Amino acid sequence: RSTVNAMVASAAYDRAQSTGRDQEYTMAGNPTLSRRFKASQQTRTFQTILTDVKEGSEKGAGLVKVNLATGAVDNQIVLKDKEPTYELDEIDGRLFYQASDKQIVCYSY
């Protein structure tokens, strides 16, 4: 589904550029894509840092989400992996972590 959304977004952007019309017009039929496009236009408000994390009784290597405006920690996740393979979905606030060759874990981020 995300591949289709990416293709629709690309086509919508190309049409908007060639016609001079707003991209939102061409995405009106896809509310998910429209919401993601609007959110992607916002500036990045956080930085993710790999560091030692303690959350409750768990501690170890993990990721910390630092608010760039305030310097406060907005979220943290203990992964116990010093070289994690992960991908952030900044728009929906999700972190996808490859815990093993056969397992991907999704966290609210």
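Higher on the page you've got the structure.
Everything numeric here is computed off the predicted structure, so don't read it as measured data.

Student: Could you clarify how one ought to interpret the overall build of the chain in this entry?
Tutor: Counting its regular elements, the chain contains three helices and six strands. Scanning the chain from its N terminus toward the C terminus, one meets helices and strands in the order α-α-α-β-β-β-β-β-β. The buried share of the chain, taken over its 109 residues, is 25%. Pairs at least 24 residues apart make up 25% of the contacts formed inside the chain by residues separated by at least 6 positions.

Student: How should I be thinking about the sheet that holds strand β6 (residues 103–108) in this particular structure?
Tutor: Pairing between the strands of a sheet is mediated by backbone hydrogen bonds and can be parallel or antiparallel. On the basis of which strands lie adjacent, the open sheet formed by three strands has the order β4-β5-β6 and antiparallel pairing. The strands lining the two open edges of the sheet, one partner per strand, are β4 (86–89) and β6. For this sheet, the mean inter-axis angle between neighbouring strands, taken without regard to orientation, is 20 degrees. As paired strands, strand β5 (residues 94–100) and β6 are joined by six bridges and run antiparallel to one another. For Y97, the partnering residue across the bridge sits in β6 and is V105.

Student: Looking at this model, I keep getting lost on the sheet that holds strand β3 (residues 73–78). Mind explaining?
Tutor: The strand order across the open sheet formed by three strands is β1-β2-β3, and the pairing between neighbours is antiparallel. A single partner strand is all that each edge strand has here, and the edge strands are β1 (46–55) and β3. On average, each strand axis in the sheet is inclined to that of its neighbour by 30 degrees, with strand direction left out of account. Both strand β2 (residues 58–67) and β3 contribute to a ladder of five bridges, which runs antiparallel. Counted as the bridge partner of G62 is V78 from β3.

Student: Explain the pattern of salt bridges here, please?
Tutor: Once the charged atoms of two side chains with opposite charge are near each other, the side chains can pair. Within this structure, the stated rule accounts for three salt bridges. We note a salt bridge from D89 to R94, for which the minimum N-O separation is 3.2 Å. Given the relative accessible area of 11%, D89 is considered buried. Owing to a relative accessible area of 33%, R94 belongs among the partly exposed residues under this scheme. Two residues, R94 and D92, come together in a salt bridge whose shortest N-O distance is 3.3 Å. Judged by relative accessible area, which is 29%, D92 ranks as partly exposed. Sharing partners across several salt bridges, the network here consists of D89, D92 and R94.

Student: Even after reading the chapter, I still don't get the nonpolar core, so can you show me in this structure?
Tutor: Note on soluble globular proteins: their nonpolar side chains tend to be buried together. Within the largest apolar cluster, seven residues are counted, these being F46, L63, I77, L79, L95, Y97 and Y109. With sequence-adjacent residues up to four places away left out, Y97 is seen in contact with L79, D81, P84, T85, Y86, Q103, I104, V105 and Y107.

Calculation criteria
Residues numbered from 1 in each chain as written. Predicted model: local features only at pLDDT ≥ 70, side-chain atom pairs only at ≥ 80, totals over all residues. Heavy atoms only, no water. Helix = DSSP H or I, 4+ residues; strand = E, 2+ residues; numbered from the N terminus. Buried < 20%, exposed > 50% of the residue type's maximum accessible area, 1.4 Å probe, protein only. Contact = heavy atoms within 4.5 Å. Pairing = 2+ DSSP bridges. Axes fitted to C-alpha atoms, helices over the stretch in contact; angles between N-to-C directions. Salt bridge = Lys/Arg side-chain N within 4 Å of Asp/Glu carboxyl O. Core = buried A, V, L, I, M, F, W, Y, C linked by side-chain atoms within 4.5 Å.

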